[in-house]
Amino acid sequence: MKLHYSLSIALIVLTLDLTTKYWVESALVYGQQIPITSFFSLVLTYNTGAAFSILSEASGWQRWFLSTIAAGASIVIIYLLNKYKNEQLFCLSLSLILGGAIGNLWDRITLGHVVDFLDFYIGDYHWPAFNIADSAIFVGAILLIVDSFYNKENAQNAQEDANKTSGKEKAGKL
């Protein structure tokens, strides 16, 4: 996948993420919940920490720590997208992760927290609220796992083919 395609996918994710966050912040007040189904609501909440609100109780240093990690990861991802441009599933997964990472990085730098609004639950048990960026990162991570199995299987098949070819060459020399 050419680098500009990968970056375009990341830009689409980023645009969807920032647009939905802007819409939710303009439509809801902090903590307001709008039930959509018996298991899903829209709710405006802020996360100053990482996934599952890890570090959210810290004194503020986490904003810049997590921003630095996201910025560094984004640079590494762009490098990997360019280096492995022939690996389409790998590049698609990294593109989703990149778009999500930049979306949350934007929030963290400009607002000091990440805007979350998707609230899934069963009865009184609520999954931590999340956003489009988090969803893209999750889907990208799943695709990376799928890609790792696919590439492992291809590598094993290539090795088996190489062993068969090597065995035929040795038999021909005898």
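Residues numbered from 1 in each chain as written. Predicted model: local features only at pLDDT ≥ 70, side-chain atom pairs only at ≥ 80, totals over all residues. Heavy atoms only, no water.

(A) Helix H2 (residues 61–83), seen in detail. Over its 23 residues, H2 extends 33 Å from the first C-alpha to the last, a length consistent with the 33 Å expected when each residue adds 1.5 Å. Every buried residue belonging to H2 is among Gln 62, Leu 66, Ser 67, Ala 70, Ser 74, Ile 77 and Leu 81, and all of these are buried. In the core, the buried residues of H2 are packed alongside helix H1 (3–27) and helix H3 (88–111). (Helix = DSSP H or I, 4+ residues; strand = E, 2+ residues; numbered from the N terminus. Expected span 1.5 Å × (residues − 1). Buried < 20%, exposed > 50% of the residue type's maximum accessible area, 1.4 Å probe, protein only. Contact = heavy atoms within 4.5 Å.)

(B) Looking closely at the confidence of the model for the chain. For the chain, mean pLDDT is 89; residues scoring 70 or higher make up 83% of the total. Per-residue pLDDT, averaged within each element of the chain, yields its smallest value for helix H4 (residues 132–173) (79) and its largest for H1 (98). (pLDDT = per-residue confidence, 0-100.)

(C) Broad picture of a nonpolar patch on the surface. The grouping of Phe 138, Val 139, Ile 142, Ile 145, Val 146 and Phe 149 at the surface amounts to a nonpolar patch, some 580 Å² of accessible area in total. Tracing the backbone shows Val 146 in helix H4. Taking the relative accessible area as the measure of exposure, Val 146 reaches 42% and is therefore partly exposed. (Patch = residues over 30% accessible without salt bridge, like charges linked within 9 Å, V, L, I, M, F, W, Y side chains within 5 Å. Areas by Shrake-Rupley, 256 points an atom, 1.4 Å probe, with all protein chains shown as cover. Salt bridge = Lys/Arg side-chain N within 4 Å of Asp/Glu carboxyl O.)

(D) View of the pattern of salt bridges. As enumerated under the stated definition, the model contains two salt bridges in all. Between Asp 17 and Lys 21 there is a salt bridge; the shortest N-O distance is 2.7 Å. One end of the pair, Asp 17, and the other, Lys 21, are both in helix H1, four residues apart, so they sit about a helical turn from each other. Neither residue differs from the other here; Asp 17 and Lys 21 are each classed as buried. Lys 21 is paired through a salt bridge with Asp 107; the nearest N and O atoms lie 2.8 Å apart. Of the two residues, Lys 21 is situated in helix H1 and Asp 107 in helix H3; the sequence distance between them amounts to 86 residues. The class for Asp 107 is buried, based on a relative accessible area of 3%. Connected through salt bridges with shared partners, the residues Asp 17, Lys 21 and Asp 107 form a single ionic network.

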